[in-house]
Amino acid sequence: MIIADRKPFEEIKAMVAPFNRILVLGCGTCVTVDFSGGEKQVGILAAELRMARQLEGKPLETVEYTVQRQCEWEFIDPIAEMVRGVDAVLSMACGVGVQAMAERYPDKIILPALNTVMMGMPIEAGVFVERCAGCGNCVLAITGGICPIARCSKNLLNGPCGGSQNGKCEVNPEIECAWQLIYEKLKSMGRLDVLLEIVEPKDWRPAGGGGPRKILREEVMIEKVEV
Ligand code: SF4
Ligand code: SF4
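Residues numbered from 1 in each chain as written. Chains lettered and ligands numbered in written order. Predicted model: local features only at pLDDT ≥ 70, side-chain atom pairs only at ≥ 80, totals over all residues. Heavy atoms only, no water.

A.B. asks: Please provide a residue-by-residue account of the pairing of strand β4 (residues 88-91), values included.
C.D. replies: With burial as the criterion, each face of β4 is covered, one bearing A88 and L90 and the other bearing V89 and S91. Note that strand β2 (residues 21-27) and β4 share four bridges and pair parallel. Bridging from a neighbouring strand, I22 pairs with A88 of β4. Of the strand pairs in this sheet, β4 and strand β5 (residues 109-112) are connected by four bridges, and their pairing is parallel. Bridged to S91 within β5 is P112. Between the parallel pair β4 and β5, the chain is carried across by helix α6 (residues 95-104), and the sense of this crossover is right-handed. (Buried < 20%, exposed > 50% of the residue type's maximum accessible area, 1.4 Å probe, protein only. Helix = DSSP H or I, 4+ residues; strand = E, 2+ residues; numbered from the N terminus. Pairing = 2+ DSSP bridges. Right-handed = clockwise from strand over helix to strand, strands pointing away.)

So this is what it looks like as structure tokens:
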């Protein structure tokens with residue numbers, strides 16, 4: 001899932017300072033699961049903003065709503081009237097959701113309340129970790145299912161850098177060395193021979209080095225479109 005984090009309150013307050021009536025818009029998918037931008041967080045942020053503005057003597061009116069997914073037209077088209085009725089929308093979606101709103105409602109000011117951080121997963125309650133960097137050419141088959149792009153600080157593809165200490169990464173001793181993990185995993189599976197294959201330098205174009213990426217699935221297109 002996409003993991004995001006709420007921006008500092010003062011930054012959000014400054015963004016909405018020029019407006020009298022805003023829509024605080026949550027997203028019911030990834031950011032609900034990671035507790036950054038779901039219905040509950042919408043209610044908390046809206047209340048915080050109203051209280052802060054009340055104390056400043058410039059009351060703020062908030063409309064609160066959460067759609068299933070802000071990154072799909074079918075979920076944001078039905079809220080057109082709600083969007084029309086406010087000065088600005090404070091989106092609590094990831095950056096994709098914010099951009100979908102900005103694209104669908106080009107005359108409306110759409111503001112991001114979250115910082116989109118990574119693609120990851122919860123490993124225990126309240127702990128989210130990065131697992132994929134969307135490199136466009138997955139190598140997990142040869143790394144024991146452990147990603148050296150997202151989890152090795154140097155994105156190494158042919159083994160460790162040599163700086164790890166006691167299984168920890170030399171760049172950040174608080175994280176585990178991805179290549180130590182890969183080695184141990186492959187060893188436990190009796191697959192260490194996989195590491196003898198030299199991996200060629202990575203083609204970073206599928207990772208975004210060739211510009212913004214898109215995927216076309218002609219079999220599900222209603223009509224062929226230029227994007
Ligand atoms: S190798 Fe690439 S696609 Fe596969 S998990 Fe890592 S970043 Fe994601
Ligand atoms: S110590 Fe391990 S995880 Fe850190 S940069 Fe070196 S190989 Fe990558």
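A.B. asks: Report on the packing of aromatic side chains, specifying residues and quantitative values.
C.D. replies: One pass over the full model with this rule turns up zero aromatic pairs. A cation over an aromatic ring shows up here: R104 above the ring of W73, its NZ or CZ 4.2 Å from the ring centre. The ring of W204 has K202 sitting right over it, with the charged end atom 5.6 Å from the ring centre. (Phe/Tyr/Trp six-rings, centres within 6.5 Å; stacked < 30°, edge-to-face > 60°. Lys NZ or Arg CZ within 6 Å of the ring centre and 35° of its normal.)

A.B. asks: Account for a nonpolar patch on the surface, naming residues and giving values.
C.D. replies: Together, M121, I123 and V127 give the surface a local cluster of nonpolar side chains, amounting to about 220 Å² of exposed area. Along the chain, I123 turns up in strand β6 (residues 114-124). (Patch = residues over 30% accessible without salt bridge, like charges linked within 9 Å, V, L, I, M, F, W, Y side chains within 5 Å. Areas by Shrake-Rupley, 256 points an atom, 1.4 Å probe, with all protein chains shown as cover. Salt bridge = Lys/Arg side-chain N within 4 Å of Asp/Glu carboxyl O.)

A.B. asks: Outline helix α8 (residues 178-188), supporting the account with residue identities and numerical values.
C.D. replies: Helical periodicity: at 3.6 residues per turn, an α-helix aligns residues three or four positions apart in one direction. Within the sequence span of α8, burial applies to A178, W179, L181, I182 and L186. Along the axis of α8, the buried positions cluster into a sector of 155°, meaning they face one direction only. The exposed set on the far side of α8, more than 90 degrees from its buried face, consists of K187 and S188. Buried residues along α8 sit in contact with α7 (148-151). (Arc of directions from axis to C-beta. Contact = heavy atoms within 4.5 Å.)

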